[in-house]
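# Working through the structure, step by step
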Amino acid sequence: MMKTLKIGDATVQILKEYGNVNDSILFINVHEDETTSIETVYEYAKISPVHFVRLKHKETRRIDFNLRNKAYSIDPNRIFTKKGRRKTLRDGGKFSFKAAKSVKVFADSLLLHLNDVTVVIAMHNNTDVNYSIKSYLPGGDEAKNTDQVYVNPEMDPDDFIYTTELDFYLKLKDKNINVILQDNKRFVNDGSLSVYCGVNGIPYINIEAQKGHFEEQLELIKAVLSIL
Ligand SMILES: [Zn+2]
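Residues numbered from 1 in each chain as written. Predicted model: local features only at pLDDT ≥ 70, side-chain atom pairs only at ≥ 80, totals over all residues.

### Section: the overall build of the protein chain
Helices and strands together make up the secondary structure of the protein chain, namely six helices and 11 strands. In terms of overall dimensions, the protein chain is globule-like: its C-alpha atoms have a radius of gyration of 17 Å, near the 17 Å expected for 228 residues. Along the first, second and third principal axes, the C-alpha atoms of the protein chain reach 55 × 40 × 30 Å. Sequence separation of 24 or more characterises 68% of the internal contacts of the protein chain that already satisfy a separation of 6 or more. (Helix = DSSP H or I, 4+ residues; strand = E, 2+ residues; numbered from the N terminus. Rg over C-alpha atoms; globule rule 2.2 N^0.38 Å. Contact = placed C-beta atoms within 7 Å.)

### Considering the sheet that holds strand E8 (residues 146–150)
The pairing of strands in a sheet comes from backbone hydrogen bonds and takes either a parallel or an antiparallel form. Overall, mixed pairing links the nine strands, which are arranged E1-E2-E4-E3-E7-E11-E9-E10-E8 in an open sheet. The open sheet has two free edges, formed respectively by strand E1 (2–7) and E8, since each of these has just one partner strand. In this sheet, neighbouring strand axes are inclined to one another by 20° on average, regardless of whether the strands run parallel or antiparallel. With four bridges connecting them, strand E3 (residues 25–29) and strand E4 (residues 51–56) associate as parallel partners. Opposite Leu26, over in E4, you have His51 as the bridge partner. On top of the sheet, helix H4 (residues 166–174) reaches E8, strand E9 (160–163), strand E10 (179–182) and strand E11 (204–210); it is set at about 165° to E10, its chief contact. Sitting on the sheet, helix H6 (residues 214–227) is in contact with strand E7 (119–126), E9 and E11, with an inclination near 160° to E11. (Pairing = 2+ DSSP bridges. Axes fitted to C-alpha atoms, helices over the stretch in contact; angles between N-to-C directions.)

### Remarks on the nonpolar core
With 51 residues, the main nonpolar core has Phe27, Ile28, Val120, Ile121, Ile161, Ile180 and Ile207 as its most contacted residues. Top element by residues in this core is helix H3 (residues 97–111). It accounts for five residues. Dropping the residues within four chain positions of it, Ile121 is found in contact with Ile25, Leu26, Phe27, Ile205, Ile207 and Val224. (Core = buried A, V, L, I, M, F, W, Y, C linked by C-beta atoms within 7 Å. Buried ≥ 20, exposed ≤ 12 C-beta atoms within 10 Å, placed from the backbone.)

### What to know about the packing of helix H1 (residues 35–47) against H6
In contact at an axis separation of 9 Å, H1 and H6 are set at 55° when each is read in the N-to-C sense. Classified by the interaxial angle, the pair formed by H1 and H6 is oblique. Of the two elements, H1 crosses H6, and the hand of that crossing is right-handed. Residues Thr36, Ser37, Glu39, Thr40, Glu43 and Tyr44 of H1 form the contact with H6, whose participating residues are Phe214, Gln217, Leu218 and Ile221. (Parallel < 35°, antiparallel > 145°, perpendicular 65-115°, else oblique. Left-handed = near helix turned anticlockwise from the far one by under 90°.)

### What about the pairing of strand E2 (residues 10–17)?
The pairing of E1 with E2 spans six bridges and is classified as antiparallel. Bridge pairing links Lys3 to Ile14 in E2. The hairpin formed by E1 and E2 contains two residues between the paired strands, and Gly8 there has a positive phi angle of roughly 55°. Looking at chain direction, E2 and E4 are connected through five bridges and run antiparallel.

### Regarding helix H2 (residues 82–91)
Residues of H2 that are buried: Gly84, Arg85, Thr88 and Leu89. With its buried residues spanning 125° around the axis, H2 presents them on a single face. Relative to its buried face, H2 has exposed residues pointing more than 90 degrees away, namely Lys82 and Arg90. Those residues of H2 that are buried are in contact with strand E6 (70–74) and H3. With its phi angle positive at about 120°, Gly93 sits one or two positions after the end of H2. (Arc of directions from axis to C-beta.)

### Digging into H3
For H3, built from 15 residues, the straight-helix expectation of 21 Å at 1.5 Å per residue is met to within 8% by its first-to-last C-alpha distance of 20 Å. Every buried residue of H3 is accounted for by Ala99, Ser102, Val103, Phe106, Ala107 and Leu110. Projected down its long axis, H3 shows its buried positions confined to an angular sector of 135°, all on one face. Along H3, exposed side chains directed more than 90 degrees from the buried face belong to Phe97, Lys98, Lys101, Val105 and Asp108. Contact partners of the buried residues in H3: E1, E2, strand E5 (63–67), E6 and H2. (Expected span 1.5 Å × (residues − 1).)

### Side note on the environment of Val179
With respect to the element layout, Val179 can be found in strand E10. For the pair Val179 and Val12, spaced 167 residues apart in sequence, the C-alpha separation works out to 32 Å. With residues up to four places along the chain from it excluded, the contact list for Val179 reads Tyr150, Phe160, Ile161, Thr163, Tyr169, Leu172 and Lys173.

### Regarding unusual backbone geometry
Both trends apply: most residues other than glycine have a negative phi, and most peptide bonds are in trans. Notably, Asn69 is not glycine yet its phi reads approximately 65°, a positive angle. Mapped onto the elements of the fold, Asn69 is located in the loop between E5 and E6. By C-beta crowding, Asn69 is classed as exposed, having 6 other C-beta atoms within 10 Å.

Shown next as structure tokens:
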């Protein structure tokens, strides 16, 4: 199923592919340039079909659009709260209430796919600079978002799982996998899907791997599905 939506003058498609009817786990990708994370879902789906929602736009991280002859830009993983929309529009160069409204309509359409879902699995890739599981350690950029963190020194620090659920955290730690438990009270409200799920009590898992770490990310998918 493909649904075509507009943010200002930009056309963004929400592509939904289907797993087994009774399956209430949803894979989601909102950063279209994070291609390894998309490819690993398709690879896994060859073994066992999964529900997968992703955005199709211009294969970029950000979505640029014009509204009333003004240019705007958003990060689609910063649009799920009012504060997040305001900040991502500002970071993209400009904020207006009309633009924020247009982004909200889009975000709400995307969030409809979370109805009746028991676990959301967000798929992301990072690069070999700055951001890694180390960002969640005391003193790191993401420390405020961290309740608990477990680092397996044998794993690449760019390959890790981030979750809102203690139960998932403990099971993944048991498997000796890099994992972070979000602090669901003190996290920074950046409008990301993890924040939205944390606030709304929707169990959330982010499978994050360095771009190009196809095998590693595929193994993380298998590990996550084995504990659900
Ligand atoms: Zn991403």
